[in-house]
Amino acid sequence: MKYWIRALCFGALMMIASGCAPKSLSQEAPKILPNLPTVESIKTLSSMTAVGFEWKMVPSSQIAGYRLYRMEPNATQKRLKRVAQIDDRYSSHYVDVKLKPGIEYIYQMSTFNEEGFESKQSEPVRVRTKPMVKSVSFVRAITDLPKRIKLIWRPHQDLRVTGYVVERARVTEPDKWKKIAEVPNRLSAEYIDKDLGNGEIYIYRVRVKLCNGLTSGPSTAVKAITKPLPKPPTDLKATFDLPRKIHLEWQPSPTQDVVYYKVYRSPFNMGFYSYRAKTDKTFFDDVVDDDGKIYYYKISAVDKDGLESPIPETPVMGSTLVKPSAPTITAAKVAFNQAIILWEPGDSRADRYDVIRTEWEGLTRKKRVFKNIYGTKFVDKFMKPGVKYTYRVVEIDKNGLRSEPSEPVELYIATKE
């Protein structure tokens with residue numbers, strides 16, 4: 001028996017390694033010669049994809065060899081099909097390969113002579129191939145990861161396992177499975193599916209791959225979802241009354257692991273919003289070197305994994321404080337060689353004033369600024385005869401913002417002849 005097993009294993013290895021599967025065999029009805037010796041005492045040994053045969057050799061000179069027939073019990077047509085011809089009457093072993101795991105087959109054998117006549121069939125032999133190895137018994141999907149899903153499983157105990165096949169389907173198409181990876185090595189225990197969408201649901205299953213190239217049936221399917229994007233902050237507000245800056249405030253994102261916010265800005269409502277700053281606070285001061293400058297803002301939230309919330313479609317407008325309005329000169333005259341200028345403030349923001357005096361003496365132009373005048377009257381005691389003077393008044397508010405100059409007035413002291 002030990003010799004039979006060694007011969008069977010050797011024969012199977014030789015058949016698989018050399019690819020010497022039987023040639024295409026004629027399926028014509030056999031020509032039976034009743035007096036030819038028959039095959040007796042057939043023994044079998046099966047694996048998942050092969051059945052080994054041992055029979056009692058028939059060394060009679062009447063025969064040239066043996067023929068093997070096979071039928072699958074669940075086949076549509078219940079008939080035997082010749083699968084092998086062994087052209088040596090001294091043979092007593094053969095391996096039928098490329099079978100399906102866990103299937104029962106029925107075999108019969110006959111002898112044949114040089115003229116092609118066959119003996120009567122042997123008694124039917126029923127043999128079942130070994131069942132396919134089951135897939136892994138435990139699969140778990142780790143969810144809520146950024147743009148990825150991690151699968152872990154219990155390594156298979158069968159030493160014939162050489163790796164794993166990972167399959168994926170969308171929850172919207174649960175019957176459309178796609179192979180996405182092969183994981184080598186029986187002791188491997190995880191696979192990370194990357195570059196996925198945000199907040200998307202997938203279904204996974206795992207098959208085991210054997211050293212003979214076979215792949216098991218699927219494991220139990222598991223469902224997983226990628227981490228969704230954080231929710232954006234709410235209730236954004238922007239100021240209009242601060243000098244040279246716009247103060248932004250908002251309510252925090254309800255997502256727990258948000259670590260900072262990104263501020264986007266555009267000079268136009270429907271324009272391109274460029275990145276302005278990031279902050280871990282719920283407020284931001286946008287410093288702007290201009291008065292009355294309007295900007296539109298949008299705020300997003302970013303979580304600890306770098307996922308950024310959707311940017312709101314509707315922006316919030318803010319503006320720096322506009323300049324004070326220019327004052328209006330109401331009276332201007334010369335008395336006792338002095339200029340007297342009276343004006344009204346441009347608005348209620350006036351805190352103080354500057355008076356700009358420009359003098360023309362021939363082609364020479366000089367400019368002088370009289371600063372920090374409190375009140376709405378100015379007296380210029382430094383006039384010279386024969387010189388033309390132009391006066392303008394600038395309003396300054398408590399923030400130091402300056403209005404445009406008022407409309408000018410001209411005054412002149414005539415020279416004595």
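Keep in mind that this is a model prediction, so the values were computed, not measured.

S.K.: I'd like a description of the sheet that holds strand 1 (residues 43-46), backed by residues and values.
M.R.: Reading across the sheet, the 3 strands line up as 1-2-5 and stay open at both edges, with antiparallel pairing between neighbours. Each end of this open sheet is capped by a strand with a single partner; those strands are strand 1 and strand 5 (93-96). Within this sheet the neighbouring strands show an average axis-to-axis angle of 20 degrees, counted without direction. Direction of pairing for strand 2 (residues 51-54) relative to strand 5: antiparallel, over a ladder of 4 bridges. Counted as the bridge partner of valine 51 is aspartate 96 from strand 5.

S.K.: Report on the UniProt feature "domain: Fibronectin type-III" (unreviewed entry) in the chain, specifying residues and quantitative values.
M.R.: As annotated by UniProt and renumbered to match this structure, "domain: Fibronectin type-III" (unreviewed entry) occupies residues 132-229 and 323-417. Span residues 132-229 is 0% helix and 49% strand, its end C-alpha atoms 43 Å apart.

S.K.: Now, about unusual backbone geometry: what can you tell me, with residues and values included?
M.R.: Backbone geometry at aspartate 195 places phi at a positive 60 degrees, although glycine is not the residue there. Mapped onto the fold, aspartate 195 is located in the loop between strand 12 (190-193) and strand 13 (201-210). Positioned with a positive phi, asparagine 337 is a non-glycine residue whose angle comes to about 60 degrees. As for its placement among the helices and strands, asparagine 337 is situated in the loop between strand 22 (328-335) and strand 23 (338-344).

S.K.: So, the pairing of strand 23: which residues are in play, and what are the values?
M.R.: Sheet topology note: the strand 22/strand 23 ladder contains 7 bridges and is antiparallel. Note on strand 23: the bridge partner recorded for alanine 332 is isoleucine 341. Following strand 22, the chain reverses through 2 residues before pairing antiparallel with strand 23; phenylalanine 336 in that reversal takes a positive phi of roughly 55 degrees. With 4 bridges connecting them, strand 23 and strand 26 (residues 377-380) associate as antiparallel partners. Along strand 26, the bridge assignment pairs isoleucine 340 with valine 379.

S.K.: Outline the nonpolar core, supporting the account with residue identities and numerical values.
M.R.: Ranked by size, the top nonpolar core spans 22 residues in total, and within it Val136, Ile149, Leu151, Trp153, Tyr164, Val166 and Tyr204 carry the most contacts. Among the secondary structure elements, those contributing two or more residues to this core are strand 8 (139-145), strand 9 (148-153), strand 10 (161-170), strand 11 (178-184), strand 13 and strand 14 (222-225). Sorting elements by how many residues they give to this core places strand 13 first, with 5 residues. Apart from the residues within four sequence positions on either side, isoleucine 149 is in contact with Ala141, Ile142, Tyr191, Ile192, Asp193, Leu196, Tyr202, Tyr204, Ala224, Ile225 and Thr226. The next biggest cluster of nonpolar side chains, apart from the first, holds 21 residues, and it includes Tyr66, Leu68, Tyr105 and Met109.

S.K.: Break down the side chain of aspartate 257 for me, citing the residues and quoting the values.
M.R.: Positionally, aspartate 257 belongs in the loop between strand 16 (245-251) and strand 17 (258-266). Sequence-distant contacts of aspartate 257, that is, excluding residues within four places in its chain, are made with Lys227, Asp303, Lys304 and Asp305.

S.K.: Residue-level account of the sheet that holds strand 27 (residues 388-396), with values.
M.R.: If you trace the 4 strands from one edge of the open sheet to the other, you get 25-24-27-28, paired in antiparallel fashion. The sheet terminates laterally at strand 25 (364-373) and strand 28 (409-412), the two strands that pair on one side only. For this sheet the average axis-to-axis angle between neighbouring strands, irrespective of direction, equals 25 degrees. As judged from the 4 bridges shared by strand 27 and strand 28, these two strands associate in the antiparallel manner. Directly across from tyrosine 391, in strand 28, lies its bridge partner valine 409.

S.K.: With reference to specific residues and values, describe the environment of serine 135.
M.R.: Tracing the sequence through the fold places serine 135 in the loop between strand 7 (125-128) and strand 8. A relative accessible area of 13% means that serine 135 is categorised as buried. Beyond its immediate chain neighbours, meaning those up to four positions away, serine 135 contacts His156, Val206, Arg207, Val208, Ser216, Gly217, Pro218 and Ser219.

S.K.: Lay out the pairing of strand 6 (residues 104-112) with the relevant residues and their values.
M.R.: With 8 of its 9 residues buried, strand 6 lies for the most part within the structure. In this sheet, strand 6 lies alongside strand 3 (residues 65-71) in antiparallel orientation, the contact comprising 7 bridges. By the bridge assignment, arginine 67 is partnered in strand 6 with serine 110. Strand direction decides the pairing type here: strand 6 and strand 7, joined by 4 bridges, are antiparallel. Considered in strand 7, the bridge of tyrosine 105 is made with valine 127.

S.K.: Give me the packing of aromatic side chains: which residues, what numbers.
M.R.: To describe a pair of aromatic rings, you give the distance between the ring centres and the angle between the ring planes. Under the definition given, this model contains 11 aromatic pairs. Each ring, one from tyrosine 202 and one from tyrosine 204, has its centre 6.4 Å from the other, and the planes form 50 degrees; the classification is tilted. For tyrosine 202, a relative accessible area of 3% translates into the label buried. Their ring planes at 65 degrees and their centres at 5.3 Å tell us that tryptophan 343 and tyrosine 353 sit as a pair that is edge-to-face. Taken together, the positions of tryptophan 343 in strand 23 and tyrosine 353 in strand 24 (residues 352-361) put the pair 10 residues apart, joining distant regions of the chain. The class for tyrosine 353 is buried, based on a relative accessible area of 5%. Among the aromatic residues, those joined into a cluster by ring pairs are Phe53, Tyr105 and Tyr107. Cation over ring: lysine 278 sits above tyrosine 260, and NZ or CZ is 4.5 Å from the ring centre. The ring centre of phenylalanine 382 lies 5.3 Å from the NZ or CZ of arginine 368, which sits over that ring.

Definitions and cut-offs
Here the residue numbering is sequential within each chain, running from 1 through the sequence in written order. Thresholds applied to this predicted model are a pLDDT of at least 70 for local features of residues and 80 or more for the giving and counting of side-chain atom pairs; totals over whole chains, interfaces and linings are not thresholded and use all residues. Only hydrogens and water are set aside when side-chain values are computed; all heavy atoms of the structure are taken into account. For two strands to be treated as a pair, DSSP must find at least two bridges joining them. Numbered from the N terminus, helices here are DSSP runs of H or I no shorter than four residues, and strands are runs of E no shorter than two. Simply put, an axis is a line fit to the C-alpha atoms, just over the touching stretch for a helix, and the angle between two N-to-C directions goes from 0 to 180 degrees. UniProt positions are given in the numbering used here, feature names are shortened, and annotations may be inferred rather than shown by experiment. In plain words, nonpolar cores are sets of buried Ala, Val, Leu, Ile, Met, Phe, Trp, Tyr and Cys residues tied together by side-chain atoms within 4.5 Å. Three exposure classes are used, based on accessible area relative to the maximum for each residue type with a 1.4 Å probe and protein chains only: buried under 20%, partly exposed in between, and exposed over 50%. Pairs of residues are marked as contacts when any of their non-hydrogen atoms sit within 4.5 Å. Here a Phe, Tyr or Trp ring, Trp counted by its six-membered ring, pairs with any other such ring whose centre lies within 6.5 Å, and the pair is stacked when the planes are under 30 degrees apart, edge-to-face when over 60, and tilted otherwise. For a ring to carry a charge above it, either NZ of a lysine or CZ of an arginine must fall within 6 Å of the ring centroid while also lying within 35 degrees of the normal to the ring plane.

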